[in-house]
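Residues per chain, in single letters:
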Amino acid sequence: MRSIIKDGQVTQDSWQVLRADAQGQYPQVAADVDVIVPLGLWLADKAAWQNRLGKTAVWLAPDDDPALLAADLSSLPLVAVDFPAFTDGRGYSLGRLLRERYSYAGELRALGDVWVDLLHYLWQVGFNAFEIKDGKDTDTALAGYDTFTERYQSTQREPVPLFRRRVTSQ
Amino acid sequence: MYRYDEVDHRIVRERVEQFRDQTQRFLSGALTEDEFRPLRLMNGLYVQRHAPMLRVAIPYGHLSSRQLRKLAHIARTYDKNYAHFTTRQNIQFNWPELARVPDILAELAEVEMHAIQTSGNCVRNTTTDAFAGVAQDELLDPRAYCEIIRQWSTLHPEFAFLPRKFKIAVSGSLEDRAATQVHDIGLHVVRNEAGEVGFKVIVGGGLGRTPIVGEVVKEFLPTRHLLTYLDAVLRVYNRFGRRDNKYKARIKILVKAMTVAGFAAKVEDEWLHLKDGPSTLRDVDVAHYASYFTDPAYDVLPSNPAELTEKLAAEPAFARWLERNTRPHKQAGYRSVVLSLKKTGVPPGDITADQMDAAADWADRFGYGELRVAHEQNLILPDVRERDLYEVWQLAKSQGFATPNVGLLTDIICCPGGDFCSLANARSIPVAEAIQTRFDDLDYLFDLGEIDCNFSGCMNACGHHHIGNIGILGVDKNGEEWYQITLGGSQGSHTTIGKVIGPSFAQADVPLAFEKIMTVYLEQRTNGERFIETVRRIGLDPFKERVYAKHH
C-alpha cells in the first residue's frame, strides 16, 4: 500500500505498476494483485490479463498512441500515463486525448516524475489521480491544485475558455 | 493598449506567489537544481556569468509610460541602472539577486507586467510589427490577435513542457516587419477574396543551428478558427517533436522530417477534432479585444507644417535624423519616432534608467502615453505630431537617443554575447563597437544606405545573423574567439538566409573585412541600388576575392 492523491484526497492504494527491469524483463505478477501493465503487454494478450483474479489496468508511455486503447477504455478500471521526466510534456496531450477524443471517464492516473508543481496542469488536462514520486511529499502536494484560481484556455475541467465567459458576462 | 481586468491581475499575482514559493524551496534545498531550472526558466530567469538574468515580457512590444517608469525603477533598485532590449521585444535585467527576483515580479505585477514564459521550452512572447496600429502600409491591425494569442499561450496546461521553445509572430502590414518567416509559427492577417479576415499560416521557420525559412501550411484560416488551429499545431509538435536531441527539437526539424504536406495533413487531422469547439472565436470575442486597440483622439493636422519644413531647411542634421529615425504615420501630421539605442560605444539595445524615464515623459508629453519596442532593439514613440519633431529631436539628442542610424550599417542587431551570456562562444559587444567606430563618419554611413547588420555570439542566433544583409557569428576555435561573416540574408517579405563568405576572422580583423566588403559594394553598385540588391546581383565571389586577397 502507498499514499496517492485521488480526487483531491490522500488515499491508500494497492495498485502495482508493472515495469521492465534494466534487462527489459518483466517480473512475475501474482494472480491476485491489482496491476497496471504497459500498453504493449496489454495488447499482446488482452484475454489473459482480463481473466486474472486481480484487476488489470493499463499505463501509457509518452510515445504510445492512445487510439490503440480506445476500444478498451469503457471496461478498464484505471488508465495511467507515465512521465519518465517531468519536462517531457507529451503526457499532457495524452490526457486530453483520452478524456476529450476517446471520452474516457474513469480514473486517469499520472505516474513517474510527478510532484506538487505539476499537479495543477495535470488536473486541468484531465488527470484525477497522482502517484507522487519517491522523495516528494504527497500530503503537501495537495496544495498544487489551488495554485491558480483561473485560466485562459479551454481545459478538460472548464471547457468554456475565459474569453467566452468574459464577453458573455458583460 | 490592452488593460488587465481583475482576472488577468489575479493570474499574474498567483504566478508571482507560485514563483516565490518555488524560489524559497530551491534556496532551502527542497527543490534540486535540476528541478528548479525548468521552473525558473519558464519565468524568465537564467543563471548567467555574473548573476541571474531576468527577462521581462513586453507583449508584442507594447509599453505604457507607466510601465517604462517601473522598469526604470527596477533598474535603479535591483540592478545597475540599466537594462537591455532583446530581439523578441522583451527587456532583460543583467544583475538581479536571485532572492529578490520575486519582489521584482511583484513590482512588475503592479503595472500589468510579468516574466511568464520569456524562456523555457514553452510558447514565448508573441511578437509583431513595432509599428502595428500606426504604420502607413498596414492592411489589418494585428494587435487584437496578438493579445488573444498571448492569453491563449499564457500558462496553457497542455503545452508547458514542449520539446523546445516556441515562437509566434504576427504581421498585418504590406512589408513584413515581424520576421514571420523565421518563427515557429508566422501569421499574416489577411483578407480573402470574399472580404473575410483570417490568417495565412507559416510554420517551421527558425534560425539557430539549422536556419530555415518557414513554409505556408494554410493559405487562409478564418479568424474564428485561430485558437483551435494553434492547439492542433502545438499538439502535433508536442507529441511528435524530437526530444532526444535539443538541436533537433524545434518544430522546423519535425516539419522537414514529415515534409510540409505531411505535417499540414497531420495538423488538419488533429484540427478536425478541435474545430468549432469551445475555443472558437466569435465576432464578439474579437471585438472585445479589438476595443483595446482603437485609435487615440488624433488632432486633425496638415502634413508638413511650416514648423517642420523651416527647421528641415535650416538644419541638415535634423533633416538627416528625420529621414533615418522617423517613419510615416497613417494619420496626417504625425510621424513615429525611433529612439536609436545604437550609439557608438554603448552595447546595442542597452538603455539606462534615466533614458527610460525621459522616454516615458516624452510619450506622455508628445503622444498618448504609449511606446513600442522594435525587434531591432530600438524604442519607438508611435504618435508624434510633425510640428513637435524638432523639439523631440533636441530632447533625444540630449539623452543619447538621436544617432541618425536607424536601418543603416551601425544599427546593429546584437545579442549580449560572451560578456554576459554563458551560452556565447564569443563576445559581440566590443566587435559591434569596433564596427560602429569604423563607420562613424555619417556622410560615409549615409552613402552606404540601408544595410541590416545582425550579430550573434553563438549558433543560437539570438542576434538573427542569418537574416542580416551582413551577418556575424561568433565561433569558438580552440578556446579563441573568431567571427564568421555571412552575406545576402534578409528579413521581411522575401526572407533569405545569408551565406558564409569563407574562413572566419580574428576579432581585430572584422572591421577591415567590413570595410573591404563596403568598398566592393560602392564600386559595383548601380544607381540607387541598395547593398542587398548589389549582393544579390553580383553574388558573393567579388566580395570573397577582395576580403581574402593575399596582397591588397
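Residues numbered from 1 in each chain as written. Chains lettered and ligands numbered in written order. Predicted model: local features only at pLDDT ≥ 70, side-chain atom pairs only at ≥ 80, totals over all residues.

Regarding the overall build of chain B
Heads up, the rule is: The numbering of helices and of strands both runs from the N terminus, where a helix is a DSSP run of H or I of at least 4 residues and a strand a run of E of at least 2. For this measure, only C-alpha atoms enter the radius of gyration; the expected value for a globule follows 2.2 Å times N^0.38, where N is the number of residues. To sort residues by exposure, count the other C-beta atoms lying within 10 Å of each residue's C-beta; 20 or more gives buried, 12 or fewer gives exposed, and values between give partly exposed, all with C-beta atoms placed from the backbone. Note on contacts: each residue gets a C-beta atom placed from the backbone, and two residues are in contact if those atoms are within 7 Å.
Across its full length, chain B carries 18 helices and 21 strands. For chain B, whose C-alpha radius of gyration is 23 Å, the value lies close to the compact-globule estimate of 24 Å for 552 residues. Judged by the C-alpha coordinates and their principal axes, chain B covers about 60 × 60 × 55 Å. The proportion of buried residues among the 552 residues of chain B is 55%. Restricting to contacts in chain B with at least 6 residues of sequence separation, those with at least 24 account for 67%.

Thoughts on the overall build of chain A
Helix and strand counts for chain A stand at six helices and eight strands. Listed by position from the N terminus, the elements making up chain A come as β-β-β-β-α-α-β-β-α-β-α-β-α-α. Against the compact-globule benchmark of 15 Å for 170 residues, chain A has a radius of gyration of 17 Å, which places it among compact chains. Reported as C-alpha extents along the three principal axes, the dimensions of chain A are approximately 60 × 35 × 25 Å.

What to know about the environment of B:Val134
Residue and element names in this part refer to chain B. Along the chain, the position of Val 134 falls in the loop between β6 (127-128) and α5 (143-153). Of the residues examined, Val 134 has 25 C-beta atoms within 10 Å and is grouped as buried. For the pair Val 134 and Arg 335, spaced 201 residues apart in sequence, the C-alpha separation works out to 8.8 Å. With residues near it in sequence (within four places) discarded, Val 134 still touches His 329, Lys 330, Ser 336, Pro 382 and Asp 383.

Regarding the domain arrangement of chain B
All names here are of chain B. We apply this condition: Marked domain ranges trace back to an automatic or database domain assignment. Each residue is assigned to one class: nonpolar for Ala, Val, Leu, Ile, Met, Phe, Trp, Tyr, Cys and Pro, charged for Asp, Glu, Lys and Arg, and polar for all the others, Gly among them.
For chain B, the domain assignment lists domain 1 (6-110), domain 2 (134-290), domain 3 (306-398) and domain 4 (413-547). The centre of domain 3, based on its C-alpha atoms, is set 27 Å off from the matching centre of domain 4. If you look at the interface, domain 3 gives eight residues, while domain 4 gives nine residues. Its residues placed into classes, the side of domain 3 that touches domain 4 shows two nonpolar, four polar and two charged.

Notes on the nonpolar core
Definition in use: Note on terminology: a nonpolar core is any set of buried Ala, Val, Leu, Ile, Met, Phe, Trp, Tyr and Cys residues joined through C-beta atoms within 7 Å.
Formed by 198 residues in total, the largest nonpolar core has its most connected members in A:Phe130, B:Val233, B:Leu339 and B:Ala359. In this structure B:Ala359 touches B:Leu68, B:Leu339, B:Leu371 and B:Leu379, once residues within four positions along its chain are discounted.

Some remarks on the pairing of strand β14 (residues 370-373) of chain B
Residues and elements named next belong to chain B. Our working rule: Between any two strands, pairing holds if DSSP finds at least two bridges.
Side chains Glu 370 and Arg 372 of β14 all project onto a buried face; the interleaved residues Leu 371 and Val 373 project onto the opposite face, where all are buried too. One ladder, built from three bridges, connects strand β3 (residues 62-64) with β14; its direction is antiparallel. By the bridge assignment for β14, Ser 64 is matched with Glu 370. Pairing of β14 with strand β15 (residues 379-385) involves two bridges; the strand directions are antiparallel. Bridge pairing links Arg 372 to Ile 380 in β15. Connecting the antiparallel pair β14 and β15 is a turn made up of five residues, with Gln 377 showing a positive phi of about 70°.

Description of the sheet that holds strand β12 (residues 334-339) of chain B
All names here are of chain B. To keep it simple, the criterion reads: Between N-to-C directions, angles cover 0 to 180 degrees, with each direction set by a line fitted to C-alpha atoms, over the stretch in contact for helices.
A sheet is described by the order of its strands in space; here five strands give the open sequence β3-β14-β15-β12-β11, paired in antiparallel fashion. One side of each edge strand has no neighbouring strand; the edge strands of this open sheet are β3 and β11 (326-328). Direction aside, neighbouring strands of the sheet carry axes that sit 35° apart on average. The strands that helix α13 (residues 389-398) touches are β11, β12 and β15; relative to β12, the one it contacts most, it runs at about 5°.

Considering the environment of B:Pro404
Residue and element names in this part refer to chain B. Structurally, the position occupied by Pro 404 is in the loop between α13 and β16 (413-414). Placed 165 residues apart in sequence, Pro 404 and Arg 239 show a C-alpha to C-alpha distance of 48 Å. When near neighbours in sequence (up to four residues on either side) are disregarded, Pro 404 contacts Arg 320, Trp 321, Arg 324, Asn 325 and Leu 442.

Section: helix α16 (residues 510-524) of chain B
All names here are of chain B. Just so we agree on the cut-off: Here a helix's expected span is defined as the number of its residues, less one, multiplied by 1.5 Å. By construction, the arc corresponds to the directions joining the helix axis to the C-beta atoms.
Taking 1.5 Å of rise per residue, the 15 residues of α16 would be expected to cover 21 Å, and the 21 Å separating its terminal C-alpha atoms lies within 8% of that figure. Turning to α16, its buried residues are Val 510, Ala 513, Phe 514, Ile 517, Met 518 and Tyr 521. The buried residues of α16 occupy an angular sector of 135° when the element is viewed end-on, so they sit on one face.

Digging into unusual backbone geometry
All names here are of chain B. Even without being glycine, Ala 179 reaches a positive phi, approximately 50°. In this structure, Ala 179 sits in the loop between β7 (168-171) and β8 (185-191). Among the residues examined, Ala 179 registers 23 C-beta atoms within 10 Å and is labelled buried. Located in the positive-phi region is Asp 276, a residue other than glycine, with phi close to 65°.

What about the sheet that holds β8(B)?
Residues and elements named next belong to chain B. Ordered in space as β6-β7-β8-β9-β10, the five strands form an open sheet in which the pairing is mixed. Whereas interior strands pair on both sides, the edge strands pair on one side only; in this sheet they are β6 and β10 (215-222). Judged from the seven bridges that link them, β8 and strand β9 (residues 197-203) form a sheet pairing that is antiparallel. Looking at β9, one finds that Arg 191 is bridged to Val 197. The sheet contacts of α5 involve β6, β7 and β8, and relative to β7 the element is tilted by about 160°. Here helix α6 (residues 226-240) sits on the sheet and contacts β8, β9 and β10; the angle it forms with β9, its principal contact strand, is near 15°.

With respect to the interface of chain A and chain B
One frequent convention defines the size of an interface as the accessible area lost when the parts assemble. On the side of chain B, 30 residues touch chain A, which itself brings 29 residues to the contact. Contributing elements (two or more residues each) for the side of chain A that touches chain B: α3 (90-101), α4 (119-124) and α6 (162-168) of chain A.

Focus: the pairing of strand β5 (residues 56-60) of chain A
All names here are of chain A. Counting buried positions along β5 gives five out of five residues, so the element sits mostly inside the fold. In β5, alternate side chains face the same way, and those of Thr 56, Val 58 and Leu 60 on one face and Ala 57 and Trp 59 on the other are all buried. The pairing of strand β4 (residues 35-38) with β5 spans four bridges and is parallel. Counted as the bridge partner of Ile 36 is Ala 57 from β5.

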